[in-house]
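Notes for the structure review
Each chain, letter by letter, is given below.
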Amino acid sequence: MDLSGKRLVVTGGAGFVGSHLCARLVDDNEVVSVDDFSNGEREWLPDGVEVVEGDLTDPDVAAEAITEDVDGVFHFAANKNAAADDVDQYRFNNRLTETVIERMDEVGVDNIAFTSSSTVYGEAPRPTPEDYAPLEPISIYGASKLGEESLLSVYAHSHDFTVWVYRFANIVGPRLQLGAVIPDFIDKLDDDPESLTILGDGRQEKSYMHVEDCVDAMCHVVERASDDFNVYNLGTRTTTSVTTIADIVSEEMGLDPDYEYTGGDRGWVGDVPRMRLSIEKLSALGWEPEGSSDDAVRRATRELLAE
Ligand SMILES: NC(=O)c1ccc[n+]([C@@H]2O[C@H](COP(=O)([O-])OP(=O)(O)OC[C@H]3O[C@@H](n4cnc5c(N)ncnc54)[C@H](O)[C@@H]3O)[C@@H](O)[C@H]2O)c1
């Protein structure tokens, strides 16, 4: 789908990734953000974006935002912050996606891009390609994403939808909020510049991607991939350990704290300690990340400190 002259709905448009995508799309398209502001901010929405405020598990809210003249939906709204064993998160995210898809089907809107996650793979060999199986998530969040993906697959194969699924690595950049490792370290070091508590053993290794690259790759995929159901990993080719993130954040803050590790090989129950996605499929479509995972972490740290 060409991303110009379109009417596009961004669910969760006022959130971290959604607000960056709205900014990218708004010059060439009519953009409608639908968000209940439970985890997003109205002021992050760029000028020119139409705002629908409401909870998208409510079909009336979906009906207000998704009208017959809409060309496509970028579906970002989700609860991503629940405890690892909170099964309500599974029900909530799936309910949200069902409501969006049912409304699209009702009014004949059949293009949807969905933000899934590396967590659908569980603890898989690395680099993990899109066709890796079996998919065995170890968190409720990962299970919710896999459930939503499978519902979208049905609509792609039995309801003539075109679906783009992005399996994100860890996305970082301006507006990233507490609960993510970089803002958490900044916050902790603001409180106590002498010491930093690090969850796990610090050797957890994950791939980080800057949000500007992420938005660029998302648009690239929607404009070029044209199967009924298109699944793409979005990430960088390298990883950054948690201790390296602590080093980068400390260095950028001009500090030299002592590190205290809570121990164990992962940060929390349901945390996948090692993640690196294969981005060969994305590369074959003509998109390459500008820098490494470490570069993304350093750039995001500088931007978050400047906020
Ligand atoms: N940030 C990452 O590293 C990452 C990684 C993998 C996947 N994802 C996925 O990408 C998407 C965007 O992530 P993000 O980091 O921007 O999250 P975010 O929490 O900043 O954005 C989600 C937005 O959805 C809104 N929202 C939540 N429930 C809603 C509801 N019921 N009705 C209407 N709006 C609602 C929130 O207010 C928020 O603005 C999410 O689906 C997330 O699961 C993010």
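Calculation criteria
- Residues numbered from 1 in each chain as written.
- Predicted model: local features only at pLDDT ≥ 70, side-chain atom pairs only at ≥ 80, totals over all residues.
- UniProt positions renumbered as here; feature names shortened; annotations may be inferred.
- Domains from an automatic or database assignment.
- Contact = placed C-beta atoms within 7 Å.
- Helix = DSSP H or I, 4+ residues; strand = E, 2+ residues; numbered from the N terminus.
- Nonpolar A, V, L, I, M, F, W, Y, C, P; charged D, E, K, R; others polar.
- Core = buried A, V, L, I, M, F, W, Y, C linked by C-beta atoms within 7 Å.
- Buried ≥ 20, exposed ≤ 12 C-beta atoms within 10 Å, placed from the backbone.
- Axes fitted to C-alpha atoms, helices over the stretch in contact; angles between N-to-C directions.
- Parallel < 35°, antiparallel > 145°, perpendicular 65-115°, else oblique.
- Left-handed = near helix turned anticlockwise from the far one by under 90°.
- Near = placed C-beta within 6 Å.
- Pairing = 2+ DSSP bridges.
- Arc of directions from axis to C-beta.

Named according to an unreviewed UniProt entry, the protein is NAD-dependent epimerase/dehydratase family protein originating from Halosimplex aquaticum. The record in UniProt for the protein states the following under Sequence similarities (unreviewed entry): "Belongs to the NAD(P)-dependent epimerase/dehydratase family."

1. Examining the domain arrangement of the protein
How big an interface is tends to be reported as the loss of accessible area on association of its parts. Along its sequence, the protein is carved into domain 1 (7-170 + 208-234) and domain 2 (177-207 + 238-271 + 292-306). When each unit is reduced to the centre of its C-alpha atoms, the spacing between domain 1 and domain 2 is 27 Å. Each side of the interface is counted separately: domain 1 has 11 residues, and domain 2 has 13 residues. Take the side of domain 1 that touches domain 2: its biggest share by element is 3 residues, from strand S10 (residues 208-210). Taken together, the residues of the side of domain 1 that touches domain 2 break down into 6 nonpolar, 4 polar and 1 charged.

2. Describing the nonpolar core
Judged by nonpolar contacts, the single largest core of 77 residues is most densely connected at Ile182 and Cys214. Looking at this core, the element that brings in the most residues is helix H6 (residues 211-224), giving 7 residues. Setting aside its immediate chain neighbours within four residues, isoleucine 182 contacts Val172, Leu176, Ile245, Val249, Val297, Ala300, Thr301 and Leu304. By size, the runner-up hydrophobic cluster in this structure holds 8 residues, among which are Tyr90, Tyr121, Ala124 and Ala143.

3. Regarding the packing of helix H1 (residues 16-25) against H6
Remark: H1 packs on H6, axes separated minimally by 10 Å, with the N-to-C direction vectors making an angle of 60°. Classified by the interaxial angle, the pair formed by H1 and H6 is oblique. Crossing handedness for the pair H1 and H6: right-handed. Here Val17, His20, Leu21 and Arg24 of H1 come into contact with H6, specifically with Val211, Glu212, Cys214, Val215, Met218 and Cys219.

4. Section: the site of the ligand
Neighbouring residues of the ligand: 26 residues in total, closest Gly12, Gly15, Gly40, Ala78 and Thr115. For the shell around the ligand, the secondary-structure elements that each account for two or more residues are H1, strand S5 (111-117) and strand S7 (170-172). Among the elements that line the shell around the ligand, the one with the most residues is H1, at 3 residues. Here the residues of the shell around the ligand are counted per class, giving 11 nonpolar, 11 polar and 4 charged.

5. Digging into unusual backbone geometry
Glycine aside, negative phi is the norm for most residues, and most peptide bonds take the trans geometry. Residue proline 127 follows arginine 126 across a cis peptide bond; omega there is -5°. Its location among the elements puts proline 127 in the loop between S5 and helix H4 (140-158). We note that aspartate 160 has phi near 60°; this positive angle belongs to a residue other than glycine.

6. What to know about the sheet that holds strand S12 (residues 240-241)
Pairing is mixed across the open sheet formed by 3 strands, whose spatial order is S12-S9-S14. Pairing within the sheet leaves two strands with one partner each, and these edge strands are S12 and strand S14 (274-275). Both strand S9 (residues 205-206) and S14 contribute to a ladder of 2 bridges, which runs parallel. Across the sheet, the residue bridging to glutamate 205 is arginine 274, located in S14.

7. Observations regarding the packing of helix H5 (residues 181-191) against helix H9 (residues 293-306)
Between H5 and H9, whose axes approach to 10 Å, the crossing angle comes to 50°. Regarding the angle of H5 to H9, the classification is oblique. Here H5 runs over H9; the crossing is right-handed. Of the residues in H9, those touching H5 at Ile182, Pro183 and Ile186 are Val297, Ala300, Thr301, Leu304 and Leu305.

8. A closer look at H5
For the α-helix, the turn length of 3.6 residues means that residues three or four positions removed from each other point alike. Along H5, the positions that sit buried rather than exposed are Val181, Ile182 and Phe185. Projected down its long axis, H5 shows its buried positions confined to an angular sector of 100°, all on one face. Turned more than 90 degrees away from the buried face of H5, the exposed residues are Asp187, Asp190 and Asp191.

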